[in-house]
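Residue strings, one per chain:
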Amino acid sequence: MRVYFDNAATTAMDDRVIEAMLPYMKLHYGNPSSVHSHGREVRSAVEKARKKVAELINASPSEIFFTSGGTEADNTAIVCGIETHGIKHAITSPIEHHAVLHTLEECAKKGKIKLSLLDVNQKGEINLDQLEGLLKANPNSFVSLMHANNEIGNINDLNAIGNLAKTYGAFFHSDTVQTMGHYVHDLKTLPVDALVAGGHKFHGPKGSGFLYVRKDKKIHPFIHGGAQERNMRGGTENVIGIIGIAKALELAYEDMDGHRSHIESLKKRFIGLLKENIPGVAFNGLSGDLDRSLYTVLNVSLPPSEENRGMLLFNLDLQGISASGGSACSSGATVGSHVLRALGHDPERESVRFSFSRFNTLEEIDYTVEKLRELYTVSV
Ligand SMILES: Cc1ncc(COP(=O)(O)O)c(C=O)c1O
């Protein structure tokens with residue numbers, strides 16, 4: 001059996017997304033900037049995709065900019081948000097994705113901003129009082145806090161953070177890569193100035209993404225060149241990616257509740273079976289708490305075991321199970337997870353992130369628990 005439980009890293013494309021993209025590979029190959037009919041038909045498809053995305057998240061098409069993915073969208077929001085609005089102080093947390101952390105650290109290294117990191121407790125929770133204190137002391141700050149953590153699944157309260165940011169006149173950017181397509185985002189009510197998406201996290205194509213920037217918080221372009229994306233991102237558009245991400249988001253919204261209840265049933269069963277079968281099992285961050293974590297992520301902390309020390313992901317891989325130790329860019333690397341380190345995780349315990357999609361099954365959960373039980377029975 002081959003089991004794919006690494007959906008927070010990337011997901012399989014939905015066949016319907018591939019079908020929507022195919023005509024733009026085979027037939028409609030014009031450059032959307034060209035004024036002839038070949039160009040115009042593609043321009044019209046790109047703008048339709050923008051309108052669709054905007055509709056789904058209750059934004060205006062003029063607030064949506066297509067990018068090469070979540071990383072570029074995060075970089076754009078951060079670097080250009082800070083520069084455009086003359087911001088000198090930024091606030092984030094040590095458990096953000098590197099697309100955010102490294103970008104802010106670079107801004108700080110270049111002397112553009114002073115960077116404040118919020119504390120996180122052992123569960124990875126931030127403290128809103130500390131955030132408020134920093135906002136009060138530093139008017140016109142930039143706040144970057146993710147909606148949900150890609151490793152431990154913790155969900156932040158965007159309304160509470162956004163309202164604080166609003167009160168103290170801060171620019172609020174949220175990395176929503178792990179929640180876009182899995183949760184409803186309503187930008188008419190959500191107090192967020194910029195948020196981002198990567199299509200490959202919700203069954204769309206890799207290398208596709210978008211950035212939302214609220215109308216009254218306009219920012220400068222990050223990539224300079226042609227006038228594409230209304231002068232916000234130079235470069236011929238990734239037309240097939242744009243068609244793909246819009247279709248993937250449409251499908252995600254079409255049956256979000258159905259997908260959610262299926263995936264939640266997988267996660268619930270996994271938690272229950274692990275508790276029954278692996279003595280001493282625990283869950284990192286809030287991932288064991290169904291109400292406060294992504295339904296797509298379970299970060300499992302396994303008791304110390306000689307046989308599996310540093311080998312657990314490899315042992316699972318031998319059984320056909322693909323999972324990861326953290327975010328995709330650090331899985332397989334020996335540096336470990338910056339997120340688990342920030343939580344003061346016991347390095348003697350092995351941690352594995354299992355992440356699920358609507359294509360996974362209960363049989364795959366049962367098979368994985370059985371294999372984990374075997375791996376951990378040998379070592380007792
Ligand atoms: C929370 C988070 N932010 C940003 C990214 C980067 O997105 P992309 O791969 O689309 O550049 C990822 C992907 O791993 C992520 O999980």
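A brief report on the enclosed structure follows. Predicted, not measured: the structure shown is a model, and the values here were computed from it. (Residues numbered from 1 in each chain as written. Predicted model: local features only at pLDDT ≥ 70, side-chain atom pairs only at ≥ 80, totals over all residues. Heavy atoms only, no water.)

### Looking at the packing of helix 6 (residues 128-137) against helix 7 (residues 158-167)
Then comes step 1: Running from N to C, helix 6 and helix 7 cross one another at 20 degrees; their axes reach a closest spacing of 10 Å. By the angle between their directions, the pair helix 6 and helix 7 is classed as roughly parallel. Viewed along their axes, helix 6 and helix 7 form a crossing whose handedness is right-handed. Contacts between helix 6 and helix 7 pair Leu128, Leu131, Glu132 and Leu135 from the former with Ala160, Ile161, Leu164 and Ala165 from the latter. (Axes fitted to C-alpha atoms, helices over the stretch in contact; angles between N-to-C directions. Helix = DSSP H or I, 4+ residues; strand = E, 2+ residues; numbered from the N terminus. Parallel < 35°, antiparallel > 145°, perpendicular 65-115°, else oblique. Left-handed = near helix turned anticlockwise from the far one by under 90°. Contact = heavy atoms within 4.5 Å.)

### Here we look at the packing of aromatic side chains
Then comes step 1: All chains considered together, the criterion is met by seven aromatic pairs.
Then comes step 2: Arranged with centres 5.2 Å apart and planes meeting at 85 degrees, the rings of Phe5 and Phe356 form a pair that is edge-to-face. Here Phe5, found in the loop between strand 1 (3-4) and helix 1 (15-21), pairs with Phe356, found in the loop between strand 12 (350-355) and helix 13 (362-378); they are 351 residues apart in sequence, far enough to count as distant.
Then comes step 3: Looking at Phe5, the relative accessible area reads 0%, which means it is buried. (Phe/Tyr/Trp six-rings, centres within 6.5 Å; stacked < 30°, edge-to-face > 60°. Buried < 20%, exposed > 50% of the residue type's maximum accessible area, 1.4 Å probe, protein only.)

### Observations regarding unusual backbone geometry
Then comes step 1: One non-glycine residue, Asn58, adopts positive backbone phi at about 55 degrees.
Then comes step 2: Position of Asn58 relative to the elements: it lies in the loop between helix 3 (37-56) and strand 2 (64-67).
Then comes step 3: Asn58 sits in the partly exposed class, given a relative accessible area of 31%.
Then comes step 4: You will see that Asn231, though not glycine, has its phi angle at about 70 degrees, which is positive.
Then comes step 5: Take Asn231: it is sitting in helix 8 (residues 228-231).
Then comes step 6: Residue Asn231 is classed as exposed on the basis of its relative accessible area of 52%.

### Thoughts on the nonpolar core
Then comes step 1: By size, the foremost hydrophobic cluster in this structure holds 52 residues, and its most contacted members are Ile57, Leu131, Val143, Phe210 and Leu249.
Then comes step 2: With nine residues, helix 9 (residues 239-254) is the largest single contributor of residues to this core.
Then comes step 3: Apart from residues lying up to four places away in sequence, Leu131 is in contact with Ile91, Leu118, Val143, Leu145, Ile161 and Leu164.
Then comes step 4: Ranked by size, the runner-up nonpolar core spans 33 residues in total, among them Ala8, Ile321, Val352 and Phe354. (Core = buried A, V, L, I, M, F, W, Y, C linked by side-chain atoms within 4.5 Å.)

### Some thoughts on the state of the cysteines
Covalent bonding between the sulfur atoms of two cysteines defines a disulfide.
Then comes step 1: Going through the model one piece at a time under the given rule, you end up with zero disulfides.
Then comes step 2: No disulfide involves Cys80; its sulfur sits 9.2 Å from that of Cys107, the nearest cysteine.
Then comes step 3: Classification of Cys80 as buried rests on a relative accessible area of 2%.
Then comes step 4: For Cys107, a relative accessible area of 3% gives the class buried. (Disulfide = S-S within 2.5 Å.)

### As for the environment of Pro61
Then comes step 1: Position of Pro61 among the secondary structure elements: in the loop between helix 3 and strand 2.
Then comes step 2: Its relative accessible area of 34% is what places Pro61 among the partly exposed residues.
Then comes step 3: Sequence spacing of Pro61 and Leu343 is 282 residues, and the spatial spacing of their C-alpha atoms is 39 Å.

### Focus: a positive patch on the surface
Then comes step 1: A contiguous patch of positive charge on the surface is contributed by Lys188, Lys215, Lys218 and Arg230.
Then comes step 2: Looking at the element boundaries, Lys215 is found in the loop between strand 8 (209-213) and helix 8. (Patch = residues over 30% accessible without salt bridge, like charges linked within 9 Å, V, L, I, M, F, W, Y side chains within 5 Å. Areas by Shrake-Rupley, 256 points an atom, 1.4 Å probe, with all protein chains shown as cover. Salt bridge = Lys/Arg side-chain N within 4 Å of Asp/Glu carboxyl O. Lys, Arg positive; Asp, Glu negative; His and termini not counted. Charge placed at Lys NZ, Arg CZ, Asp CG, Glu CD.)

### What to know about the sheet that holds strand 3 (residues 89-92)
Then comes step 1: Taken in spatial order, the seven strands make up an open sheet running 2-8-7-6-5-3-4, and their pairing is mixed. Single-partner strands in this sheet number two, and they are strand 2 and strand 4 (114-117). Ignoring which end each strand starts from, the neighbouring axes of this sheet average 20 degrees apart.
Then comes step 2: Pairing of strand 5 (residues 141-144) with strand 6 (residues 171-174), which is carried by three bridges, proceeds in the parallel orientation. Within strand 6, the residue paired with Phe142 across the bridge is Phe171.
Then comes step 3: In this fold helix 4 (residues 70-84) packs onto strand 2, strand 5, strand 6, strand 7 (194-198) and strand 8, with an angle of close to 160 degrees to the strand it touches most, strand 7.
Then comes step 4: Of the strands in this sheet, strand 5 and strand 6 are in contact with helix 7, which crosses strand 6 at around 155 degrees. (Pairing = 2+ DSSP bridges.)

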